[in-house]
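# Geometric and topological summary
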Amino acid sequence: MRPKAELHLHIEGTLEPELVVELARRNRIELPAFDVSDVEAVRARNDFADLRSFLDVYYDNLAVLRTEEDFYDLAAAYLRRAAAQGVRHAEIFFDPQAHTTRGVALEAVFGGLSAALRDGEVPAALILCFLRDRGAEEAERTLRAALPFREQFIGVGLDSAEVGYPPSLFRRVFDIAAAEGLHRVAHAGEEGGPDYVWEALDVLGVERVDHGIRAMEDPQLVARLREERIPLTVCPLSNVRLGVVPSLRDHILPAMLDEGLVVTVNSDDPAYFGGYVEDNYEALRRELGLTGEQLDRIAADSFAAAFAYEPRHGEGA
Ligand code: ES4
Ligand code: ZN
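Residues numbered from 1 in each chain as written. Chains lettered and ligands numbered in written order. Predicted model: local features only at pLDDT ≥ 70, side-chain atom pairs only at ≥ 80, totals over all residues.

As named in an unreviewed UniProt entry, the protein chain is Adenine deaminase, taken from Nonomuraea mesophila. Under the UniProt heading Function (unreviewed entry), the note attached to the protein chain is "Catalyzes the hydrolytic deamination of adenine to hypoxanthine. Plays an important role in the purine salvage pathway and in nitrogen catabolism." As stated in UniProt under Catalytic activity (unreviewed entry), the record for the protein chain gives "adenine + H2O + H(+) = hypoxanthine + NH4(+)". (UniProt positions renumbered as here; feature names shortened; annotations may be inferred.)

What follows is the structure in structure tokens.
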């Protein structure tokens, strides 16, 4: 299996139905909306068809995450799976607002995630994401509340429902992040158009674009991404599952490679989208006929696109 870095992975999106049930039992949680004691009942709710309906399920399931130990177990389980998928480095998104707004302390979130990263077998770092549909003011409050934990994350990102929440709304909070020496990324061009990618670059100063597939609709933007070698963290199985592309065979990723873009392949929310990162690589080989050479280039670029990768002894990238 190819060694690779994973750069677009929401830790909350690794919450498997089995773990939902285990944590619900441990925390004695019952929910009105669905039976959290039944794995199949939890899994049956994964019938979403687009980003909004997916996010509704994703946020609902988070109700079972309450304690530091829960966050530890979530991240530890991901890192074990990542190791089995050939991941040698991971830069992991987390959504603090999805927890603090439910009354979970930031200390529990950072405490559990950081301890799991320290103990895990895959070197990994955290990127704090703002929920764009909760607005810029709350994002700024979230960043300020997280600054006492500054050493525990390497960057900030922007996720959740995209259309209607353009990157430019978040100029101030990204400026603060930059002044703190934090790396900057943003989801853009997943369901939003190329204009969102331009804004993420020009207004937020992002160093990587998450998804970015709709950048391909704008030749000038493609030229910019190529010339500045700005990496795109593409998530093929996610795009199919959320209806962003009709099928894997229609995915624009091969054309992105032909354009000379820096493309990485990632799993996004693997507990929901039908595969972890190697499964995404394998699907590209099987369904799109990507060659070994193309997949090697993607894997090499995943290390090159990482912010915090340090090759270990004997490991080249
Ligand atoms: C996400 Cl696929 C996707 N897009 C935007 N925000 C997200 N949060 C978790 N998964
Ligand atoms: Zn994502």
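Picking up where we left off.
## Comments concerning the UniProt feature "binding site: substrate" (unreviewed entry) in the protein chain
The sites that UniProt annotates as "binding site: substrate" (unreviewed entry) are Asp-269. If you trace the backbone, Asp-269 turns up in the loop between strand S8 (263–265) and helix H13 (270–273). Judged by the 23 C-beta atoms lying within 10 Å of it, Asp-269 falls in the buried class. Those residues in contact with Asp-269 that sit more than four places away from it in its chain are His-10, Gly-13, Tyr-58 and Ser-238. (Helix = DSSP H or I, 4+ residues; strand = E, 2+ residues; numbered from the N terminus. Buried ≥ 20, exposed ≤ 12 C-beta atoms within 10 Å, placed from the backbone. Contact = placed C-beta atoms within 7 Å.)

## Describing unusual backbone geometry
Located in the positive-phi region is Ser-160, a residue other than glycine, with phi close to 75°. Note on placement: Ser-160 falls in the loop between strand S4 (155–159) and helix H8 (171–179). One non-glycine residue, Asp-268, lies in the positive phi region at around 70°. Tracing the chain through its elements places Asp-268 in the loop between S8 and H13.

## Observations regarding the site of ligand 1
Every residue lining ligand 1 is accounted for by His-10, Gly-13, Leu-51, Tyr-58, Asp-159, Ser-160, His-187, Glu-190, Ser-238, Asp-268 and Asp-269. The class makeup of the residues in the shell around ligand 1 is two nonpolar, five polar and four charged. (Near = placed C-beta within 6 Å. Nonpolar A, V, L, I, M, F, W, Y, C, P; charged D, E, K, R; others polar.)

## Overview of the sheet that holds strand S5 (residues 183–188)
The strand order across the open sheet formed by eight strands is S1-S2-S3-S4-S5-S6-S7-S8, and the pairing between neighbours is parallel. A strand with exactly one partner marks an edge of an open sheet, and here the two such strands are strand S1 (4–6) and S8. Averaged over all pairs of adjacent strands, the angle between their axes in this sheet comes to 25°, without regard to strand direction. Across four bridges, S5 lies against strand S6 (residues 208–211) in parallel orientation. Within the sheet, the bridge partner assigned to Ala-186 lies in S6 and is Val-209. Of the strands in this sheet, S1, strand S2 (87–94) and S8 touch helix H14 (residues 277–288), which is tilted by about 115° from S8. (Pairing = 2+ DSSP bridges. Axes fitted to C-alpha atoms, helices over the stretch in contact; angles between N-to-C directions.)

## As for the UniProt feature "active site" (unreviewed entry) in the protein chain
Mapped onto this numbering, the UniProt entry gives "active site" (unreviewed entry) at Glu-190. Note that Glu-190 resides in the loop between S5 and helix H9 (194–202). On the basis of neighbour count, Glu-190 is assigned to the buried category, with 24 C-beta atoms found within 10 Å.

## Observations regarding the packing of helix H4 (residues 68–84) against helix H6 (residues 106–119)
Each pair of packed helices can be described by the angle between their axes along with the distance between the axes. Where H4 meets H6, the closest approach of the two axes is 7 Å, and the angle between their N-to-C directions is 35°. When you trace H4 past H6, the crossing you get is right-handed. Here Glu-68, Glu-69, Asp-70, Phe-71, Tyr-72, Ala-75, Ala-76 and Leu-79 of H4 lie close against H6, whose contacting residues are Ala-108, Val-109, Gly-111, Gly-112, Leu-113, Ala-115, Ala-116, Leu-117 and Asp-119. Partitioned by chemical class, the residues of the contact of H4 with H6 number eleven nonpolar, two polar and four charged. (Left-handed = near helix turned anticlockwise from the far one by under 90°.)

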